[in-house]
Number of protein chains: 2
Amino acid sequence: MAVYPAARAHAVLEIDLAAIVANWRLLAARAATAECAAVVKANAYGLGADIVAPTLAAAGCRLFFVATLDEGIALRGALGHRAEIAVLNGPLPGSEDEFPAYDLVPVLNDPGQIEAWQALAGDTGGRDAMLHIDTGMARLGLSRREVTTVIEQMPSRPVFRWRAMISHLACADTHDHPLNEVQRARFAAARGHFAGVPASLAASSGIFLGPDFHLDLVRPGAALYGVNPRPGDPNLMHQVINLKGKIIQVREIDRGESVGYGAAHVMTRPGRVAVVAVGYADGWPRSLSHRGCGHIAGQRVPLLGRVSMDLATFDVSAVDPALVRPGTEVELLGDNYGVDAAAADAGTIGYEILTALGRRYHRVYRPVSPG
Amino acid sequence: MAVYPAARAHAVLEIDLAAIVANWRLLAARAATAECAAVVKANAYGLGADIVAPTLAAAGCRLFFVATLDEGIALRGALGHRAEIAVLNGPLPGSEDEFPAYDLVPVLNDPGQIEAWQALAGDTGGRDAMLHIDTGMARLGLSRREVTTVIEQMPSRPVFRWRAMISHLACADTHDHPLNEVQRARFAAARGHFAGVPASLAASSGIFLGPDFHLDLVRPGAALYGVNPRPGDPNLMHQVINLKGKIIQVREIDRGESVGYGAAHVMTRPGRVAVVAVGYADGWPRSLSHRGCGHIAGQRVPLLGRVSMDLATFDVSAVDPALVRPGTEVELLGDNYGVDAAAADAGTIGYEILTALGRRYHRVYRPVSPG
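Residues numbered from 1 in each chain as written. Chains lettered and ligands numbered in written order. Predicted model: local features only at pLDDT ≥ 70, side-chain atom pairs only at ≥ 80, totals over all residues.

A. Just the overall build of chain A, in detail. Per the secondary structure count, chain A includes 11 helices and 19 strands. Based on the C-alpha atoms only, the size of chain A along its principal axes is roughly 80 × 50 × 40 Å. Residue burial in chain A is summarised as follows: out of 371 residues, 55% are buried. At a minimum sequence separation of 6, the contacts of chain A that also span at least 24 residues come to 64%. (Helix = DSSP H or I, 4+ residues; strand = E, 2+ residues; numbered from the N terminus. Buried ≥ 20, exposed ≤ 12 C-beta atoms within 10 Å, placed from the backbone. Contact = placed C-beta atoms within 7 Å.)

Structure follows, in structure tokens:
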């Protein structure tokens, strides 16, 4: 008798699509009159762009951002022609033709990309592109010098349309960082040269910097998926994911016995440990060794020793043994221990916890309820 | 005109199948008369079990280890019936039937799994299983107490055959760790109760602890994929992977300008930076921020600032500008900077660098040459 995939899976990841939609609506309301796009790069931060993006499109989202051409091509397949898709990295040299072929809007980041796009658009007729201006991130985008050159060299009759001009804040998650206002002012100065072009500066955290940062278009990503856009302040976003790993074995450990690789944890008193079938190969980071935790029936169980490739070990001495048996689920991410809390213990940010979520998890999508 | 996937991909991961085969042969020779299996759990440590395992089967490997039932089912599909597949985590309660259905050998880790397997084997006829005995890892496997109980309670006419008995070393990568000999001696004592059952103690590092650790069967994993099984000593294994990320943009940065998120890196002199389309969403760990590096034409280029989700920034001031253009590849992992070196900079182990290798990489397998 075959068992259901969720029954034989060693870990189950639930993704709450209704929570993602609620987060998008909350951010759209916060951004007031600005259009609210959705960033679904990196496979919707690990949660599945092919499911998340159509769900948001059905909720009214009309513009999606991905990072690469490959992501754009895959997303066009998932979305059909329901929405615009912009590709943040822009075209690699020689790949420009692929953008119109899949109805993708490139974000042009440097004079070379602009020149290649002009050549293509001149050949085949106008095609939308977005312009990325660097205002202080010093990653992608045109420098101030390059903006001036581009303005001077643009043909008097443009061969394509600027769909939007965007810039990216380097310190938006620090509300009072002086660079935020510096970047805003630089972007405002650049806007003067592009009359009528919709402008976008704010991603998740930027939306909470106030109306001066909303402009025409906002581009939330992480906050859609439950990451707190205002670190240090209460999280206004709904939690989206719930990860449970199953117990394979429960064992009694004597005092003085060591647990796991490197004999790195030594029991100071006799206890019980549960071995759970989740490890760093599932994206449960090895840096959670000795620091992470799980929850059984709401009760915290500390992670013991090092996280292995496929297994992690928890101290369940304090939990009713009737609740701790092979097959029982231990909550690894959820209401008790969210993405940001796990990230803090692992010495990283919630974004990396999400994008690392593993391929071996059995994924269950909680649908948006109809009507 | 459509471009080839490798041309439009933002990063390319080459996997050298001939190097994996050479590593397997080297380990098999080192283990002398012991059978040499291959551990291909976690999708062959991130490199693709569906390609790696058939390649090793063609080279003569007859036994493969995976972690979970799902991995076993997928691998049976890839291998056909050419080889044995053992599942290290054993059956979750209720999933026992699936093992014979896919011709999988469970590793039984506790008395509950043994009891359930006996019941199944009694119903349907004998089926092989492996026995996992804990000798000091305190993770999966029977305790000494449980071994005694199992021996006492085993029916006089066994309903299934022990295909092998295994144990796992906790400190094998530390050659002179006293626990190695303790575990070896405990395992030898347990073997006395299982006459004629093939015994296996050594994984990659254990093979280098000497002939006393080889017994009947060795189970290398990480070393197959190029990880050094003897940390601190020269690596005898062939390098298997080569990862290249493409430059999207090159920019001049003035002195005093900050680069990237959190304005975390400030340029102390004017320079040039290259933005490469690989980030932590690709498994290029965020903990490499400020510490990692790449190579262009063999020349080291330091990673600047924080690794972003889809991008990392390198200081290319010292490299001939003719070599640094959009579309140029930067070597991120390879002969100049191997998996173990990246792991050291990231504060982890090579195993985690491998298993994190991302889904967005365009993967190219270098085949084993015929004959």
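B. Representation of the interface of chain A and chain B within the structure. At the interface, 62 residues of chain A touch 62 residues of chain B. The set of elements that each furnish at least two residues to the side of chain A that touches chain B consists of helix H1 (5-8), helix H3 (41-45), helix H5 (69-79), strand S11 (241-253), strand S12 (258-259) and helix H11 (350-355) of chain A. A per-class count over the side of chain A that touches chain B returns 30 nonpolar, 18 polar and 14 charged. (Nonpolar A, V, L, I, M, F, W, Y, C, P; charged D, E, K, R; others polar.)

C. Molecular detail of the domain arrangement of chain A. All names here are of chain A. Parsing chain A into structural domains produces domain 1 (31-225) and domain 2 (241-366). Taken over C-alpha atoms, the centre of domain 1 sits 39 Å from the centre of domain 2. Across the boundary between the two partners, domain 1 contributes 8 residues, which contact 8 residues of domain 2. Within the side of domain 1 that touches domain 2, the residues separate by chemical class into 6 nonpolar, 2 polar and no charged. (Domains from an automatic or database assignment.)

D. Region of interest: the relation of the copies chain A and chain B. Each copy of the sequence occupies a distinct position, and chain A is placed on chain B by a rotation of 180 degrees and an axial shift of 0.0 Å, giving an RMSD of 0.0 Å. The operation mapping one copy onto its partner corresponds to a two-fold rotation axis. Taking C-alpha positions as the reference, the residue of chain A nearest the rotation axis is alanine 356 of chain A, at 3.7 Å. Both copies contact each other with a shared surface, as 100% of the interface residues of chain A are interface residues in chain B too. (Least-squares fit on C-alpha atoms with pLDDT ≥ 70 in both.)

E. Representation of the environment of tryptophan 117 of chain A. All names here are of chain A. Looking at the secondary structure, you find tryptophan 117 in helix H7 (residues 111-124). Residues tryptophan 117 and aspartate 128, spaced 11 residues apart in sequence, show a C-alpha to C-alpha distance of 9.7 Å. Residue contacts for tryptophan 117: discarding those within four places in its chain leaves Glu96, Pro106, Leu108, Ala129 and Phe160.

F. Quick peek at helix H7 (residues 111-124) of chain B. Residues and elements named next belong to chain B. For H7, with 14 residues, the first-to-last C-alpha span of 20 Å sits near the 20 Å given by 1.5 Å per residue. Every buried residue of H7 is accounted for by Gln113, Ile114, Ala116, Trp117 and Leu120. End-on view of H7: buried residues confined to an arc of 165 degrees, all on one side of the axis. Exposed and facing more than 90 degrees away from the buried side of H7 are Ala119, Gly122 and Asp123. (Expected span 1.5 Å × (residues − 1). Arc of directions from axis to C-beta.)

G. Spatial organisation of unusual backbone geometry. Within the chain, asparagine 43 of chain A stands out as a residue other than glycine whose phi angle is a positive 55 degrees. Residue placement: asparagine 43 of chain A occurs in helix H3. The exposure class of asparagine 43 of chain A is buried, given the 22 C-beta atoms found within 10 Å. We note that alanine 32 of chain B has phi near 55 degrees; this positive angle belongs to a residue other than glycine.

H. Fine view of helix H10 (residues 339-346) of chain B. Residue and element names in this part refer to chain B. Looking only at H10, the buried set comprises Val339, Ala342, Ala343 and Ala346. The buried residues of H10 occupy an angular sector of 100 degrees when projected down its axis, which confines them to one face. Residues of H10 that are buried make contact with strand S11 (241-253), strand S18 (329-333) and helix H11 (350-355). Remark: glycine 347 follows H10 within two positions and exhibits a positive phi of approximately 75 degrees.

I. Spatial organisation of the environment of phenylalanine 208 of chain B. Residues and elements named next belong to chain B. Within the secondary structure, phenylalanine 208 sits in the loop between strand S9 (199-200) and strand S10 (217-218). Judged by the 19 C-beta atoms lying within 10 Å of it, phenylalanine 208 falls in the partly exposed class. Not counting chain neighbours up to four residues away, the residues in contact with phenylalanine 208 comprise Pro229 and Arg230.

J. Geometry of the pairing of strand S7 (residues 129-132) of chain B. Residue and element names in this part refer to chain B. Residues Ala129 and Leu131 line one face of S7 and the alternating positions Met130 and His132 line the opposite face, and both faces are buried. Bridge analysis of strand S6 (residues 105-108) against S7 gives 2 bridges, and the strand direction is parallel. Bridge pairing in S7 places leucine 108 opposite leucine 131. Bridging between S7 and strand S8 (residues 162-166) involves 4 bridges; their strand directions are parallel. Each bridged residue has a counterpart across the sheet, and for methionine 130 the counterpart in S8 is alanine 164. After leaving S7, the chain enters helix H8 (residues 144-153) and then returns to the sheet as S8, a path that is right-handed. (Pairing = 2+ DSSP bridges. Right-handed = clockwise from strand over helix to strand, strands pointing away.)

K. Fine view of the packing of helix H2 (residues 17-30) of chain A against helix H4 (residues 49-58) of chain A. Residue and element names in this part refer to chain A. The geometry of H2 relative to H4 is characterised by a closest axis approach of 10 Å and an angle of 50 degrees between their N-to-C directions. It follows from the interaxial angle that H2 and H4 lie oblique. Considering only the axes of H2 and H4, their crossing is right-handed. The residues of H4 that touch H2, namely those facing Leu17, Ile20, Val21 and Trp24, are Val52, Thr55 and Leu56. (Axes fitted to C-alpha atoms, helices over the stretch in contact; angles between N-to-C directions. Parallel < 35°, antiparallel > 145°, perpendicular 65-115°, else oblique. Left-handed = near helix turned anticlockwise from the far one by under 90°.)

L. Highlighting the confidence of the model for chain A. Residues with a pLDDT of 70 or more make up 98% of chain A, whose mean pLDDT is 94. Across the predicted assembly, pTM comes out at 0.95 and ipTM at 0.95. (pLDDT = per-residue confidence, 0-100.)

M. Expanded view of the environment of glutamine 249 of chain B. On the secondary structure map, glutamine 249 of chain B appears in strand S11. The class of glutamine 249 of chain B is buried, set by 26 C-beta atoms lying within 10 Å. Separated by 77 residues in the primary sequence, glutamine 249 of chain B and proline 326 of chain B have C-alpha atoms spaced 5.4 Å apart. Those residues in contact with glutamine 249 of chain B that sit more than four places away from it in its chain are Asn109, Asp110 and Leu140 of chain A together with Val275 and Pro326 of chain B.

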